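Now for the letters of each chain:
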Amino acid sequence: PTSDTFVSLDAGWSSASLRRAHIDTGGRFGEEGRFGYRANLSKERGGTYNGAELDRQAASLALDARLTRDLTWSANFLYQERDIDGAVPGISLQTYPAGVGLPRPVDGRKDFGAYASSYYNSTMWMATTALDYKINRDWKANLTYGHTLKRIDSANETQYLLGAAGDYSN
């Protein structure tokens, strides 16, 4: 949570068709600003520079309550989802021969575009809660509990680098 109340909005695009929007707001309310909040919402969707399709959204909420002058409770929540159709292949050094040295730089004209059959879809939920107690000027105690769950479903292409010339197997 923020000390001052505010709202921020932004929107934009990149890669010709990748659009995004974001809102961020926070502040305090109640007697002497006892309660605080901060919320974020974001969305990104469209085509990427390498031919993949991206759909991503996230929402977060942070809360706190100053229960006494020395005791504060807080909670944080996050939801995030990312879906990519036509993911770009990963490059692995698993089969790269030891002692060969670094490979030559990749030619910028080489097309490492997205494979239509590949995808990466992930969803994540996270929540934490905490109590902070100010024992005295020099000491404080904190008790925090958090839980995160992430689910991934994917089919990705991997290119295994075979030698310094840049040859690879898929």
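Heads up: the structure comes first, above all this text.
Residues numbered from 1 in each chain as written. Predicted model: local features only at pLDDT ≥ 70, side-chain atom pairs only at ≥ 80, totals over all residues. Heavy atoms only, no water.

(A) View of the packing of aromatic side chains. In total, this model carries 3 aromatic pairs according to the counting rule given. For the ring pair Phe-29 and Phe-35, a centre distance of 5.6 Å and an interplane angle of 25 degrees mean the geometry is stacked. The class for Phe-35 is partly exposed, based on a relative accessible area of 31%. Geometrically, the ring pair formed by Tyr-79 and Trp-125 is tilted, given 5.9 Å between the ring centres and 50 degrees between the ring planes. Highlighted residues: Tyr-79 in strand β5 (residues 71-85) and Trp-125 in strand β7 (residues 119-134), separated in sequence by 46 residues. Overall, Tyr-79 belongs to the partly exposed group, its relative accessible area being 26%. (Phe/Tyr/Trp six-rings, centres within 6.5 Å; stacked < 30°, edge-to-face > 60°. Buried < 20%, exposed > 50% of the residue type's maximum accessible area, 1.4 Å probe, protein only. Helix = DSSP H or I, 4+ residues; strand = E, 2+ residues; numbered from the N terminus.)

(B) View of the nonpolar core. If you look at the biggest cluster of nonpolar residues, it comprises 5 residues: Leu-18, Ala-52, Leu-54, Ile-84 and Ala-87. If sequence neighbours within four positions are ignored, Ile-84 has contacts with Ala-52, Glu-53, Leu-54, Ser-118, Tyr-119, Tyr-120 and Asn-121. (Core = buried A, V, L, I, M, F, W, Y, C linked by side-chain atoms within 4.5 Å. Contact = heavy atoms within 4.5 Å.)

(C) Focus on the sheet that holds strand β10 (residues 168-169). Strand order across the open sheet formed by 3 strands is β6-β9-β10, with mixed pairing between neighbours. Every other strand in the sheet has two partners, leaving β6 (90-92) and β10 as the edge strands with one partner each. (Pairing = 2+ DSSP bridges.)

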